[in-house]
Amino acid sequence: NIPLILNYSANEKEERGFRLNLLSSAHLKRNNSSNILNFEGNDYKGVSLSGILNFYKNFKGFSFGGVHNIFTGEYYGFASSVILNFIVGDFVGIALSGVSNMIKGSLEGIAISSCLNCAKTNGNIAIQIGLLTGIIEYNKEGFVLQFGINNKIGDSLSPFLNARGFKNLIRMLRNFK
């Protein structure tokens, strides 16, 4: 699906595939690629490329939002944006943003940005790289590693490098098959 300006669909089924739009693309399920905007009301699987905005509920795959990626549900995969990756649910994968990654749920994976990485909690393994990094509620079953000027995990604040849960990392590596 490669419309130039806007793509919108109210399909109740899952969407899959590839979308590329100059302006916008909208769907209610799983697959989008827009040159400017991608909107998805439900689930999406695949690749979504947008010049300005990707907006989805649950997403599995690769998304590049020229300016923003906004996901109101869970995200599994690779999210890349120039300014902001904003995920309301849990995030599993790699988030790469020029300015900020904001995750309202659990971060399991890697979040890299130039300024701010913030997540409500961590999953098994969470790595944050940025000027300011933060995990609001530390999950004691996981491992967190942060690189930045100001790093916060729960109540622990540390400049440059902050790590918690090394014993959990060792346990996970021993159990890895």
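Look above for the structure.
The structure displayed is predicted, hence computed values, not measured ones.

Conventions adopted
- All chains use their own residue numbering, which begins from 1 and follows the written sequence.
- Two thresholds apply to this predicted model, a pLDDT of at least 70 for residue-level local features and 80 or more for giving and counting side-chain atom pairs, whereas whole-chain, interface and lining totals are computed over all residues.
- Side-chain metrics rest on all non-hydrogen atoms present in the structure, leaving aside hydrogens and water.
- Each residue is assigned to one of three classes by its accessible area relative to the maximum for its type, calculated with a 1.4 Å probe on protein chains only: buried under 20%, partly exposed between the two thresholds, exposed over 50%.
- Numbering of helices and strands starts at the N terminus; helices are DSSP runs of H or I of at least 4 residues and strands are runs of E of at least 2.
- Two strands qualify as a pair provided that DSSP identifies no fewer than 2 bridges between them.
- The contact definition used throughout considers only heavy atoms, calling two residues in contact when any of these lie within 4.5 Å.
- The nonpolar core is taken to be a set of buried Ala, Val, Leu, Ile, Met, Phe, Trp, Tyr and Cys residues, with the residues joined through side-chain atoms within 4.5 Å.
- Here a polar contact is taken to be a pair of N or O atoms separated by no more than 3.5 Å, where protein atoms must pair a possible hydrogen donor with a possible acceptor and residues adjacent in sequence count only if both atoms sit in side chains.
- Directions are taken from the helix axis to each C-beta atom, and the arc is the one they span.
- Working definition: rings of Phe, Tyr and Trp (its six-membered ring) pair if their centres are within 6.5 Å, and the pair is stacked with planes under 30 degrees apart, edge-to-face with planes over 60 apart, and tilted otherwise.
- A ring is considered to have a charge above it if a Lys NZ or an Arg CZ atom is located within 6 Å of its centre and within 35 degrees of its normal.

## Considering the pairing of strand β8 (residues 68-71)
Moving on, step 1. The alternating pattern of β8 places N69 and F71 on a buried face and H68 and I70 on a face that is not buried.
Moving on, step 2. Note that β8 and strand β10 (residues 84-87) share 4 bridges and pair parallel. Across the sheet, H68 pairs through a bridge with L84, a residue of β10.

## Here we look at the environment of L169
Moving on, step 1. Inspection of the secondary structure puts L169 in helix α1 (residues 166-175).
Moving on, step 2. Spatially, the C-alpha atoms of L169 and F143 are 5.8 Å apart, while their sequence positions differ by 26 residues.
Moving on, step 3. The contact partners of L169, leaving out residues within four places of it in the chain, are I125 and F143.

## Things to note about the nonpolar core
Moving on, step 1. Counting 18 residues, the largest nonpolar core has Y75, F91 and L107 as the members making the most contacts within it.
Moving on, step 2. Every element with two or more residues in this core is listed here: β9 (75-81), β11 (91-97), β12 (100-113), β13 (116-129) and β15 (143-153).
Moving on, step 3. Among the elements that take part in this core, β12 stands out by supplying 3 residues, more than any other.
Moving on, step 4. Setting aside residues no more than four positions away along its own chain, F91 makes contact with Y75, G77, A79, I103, S106, L107, E108 and I110.

## Examining the side chain of N85
Moving on, step 1. Looking at the element boundaries, N85 is found in strand β10.
Moving on, step 2. Relative accessible area serves as the criterion here: at 0%, N85 is assigned to the buried category.
Moving on, step 3. Of note is the side chain of N85, whose polar atom sits 2.9 Å from the side chain of N69.
Moving on, step 4. With residues near it in sequence (within four places) discarded, N85 still touches N69, A79, S80, A95, L96, S97, S100, N101 and M102.

## What to know about the environment of D43
Moving on, step 1. Checked against the element boundaries, D43 lands in strand β5 (residues 43-50).
Moving on, step 2. The exposure class assigned to D43 is buried, which follows from its relative accessible area of 19%.
Moving on, step 3. A sequence separation of 15 residues divides D43 from N58, and the C-alpha atoms of the two residues are 4.6 Å apart.

## Thoughts on α1
Moving on, step 1. Burial in α1 covers these residues: N168, L169 and M172. The arc enclosing the buried residues of α1, seen along the axis, measures out at 100°, which places them on a common side. Seen from the buried face of α1, the exposed residues on the opposite side, beyond 90 degrees, are K167, L173 and R174.
Moving on, step 2. Buried residues belonging to α1 abut β13 and β15.

## Some points on the side chain of Q128
Moving on, step 1. Tracing the backbone shows Q128 in strand β13.
Moving on, step 2. Engagement of the side chain of Q128 in a polar contact is seen with the side chain of Q146, the distance being 2.6 Å.
Moving on, step 3. With sequence-adjacent residues up to four places away left out, Q128 is seen in contact with L107, A111, N117, C118, A119, T133, G134, I135, L145, Q146 and F147.

## Notes on the packing of aromatic side chains
Moving on, step 1. Within this structure, the stated rule accounts for 6 aromatic pairs.
Moving on, step 2. Consider the rings of F62 and F78, whose centres lie 5.3 Å apart with planes at 5°: the pair is stacked. Of this pair, F62 sits in strand β7 (residues 58-65) while F78 sits in strand β9; the two residues are 16 residues apart in sequence, bridging distant segments of the chain.
Moving on, step 3. With a relative accessible area of 25%, F78 lands in the partly exposed category.
Moving on, step 4. Above the face of the Y76 ring, K60 is positioned so that its terminal group lies 5.7 Å from the ring centre.
Moving on, step 5. Looking at R164, its charged tip hangs above the ring of Y138, at a distance of 4.3 Å from the centre.

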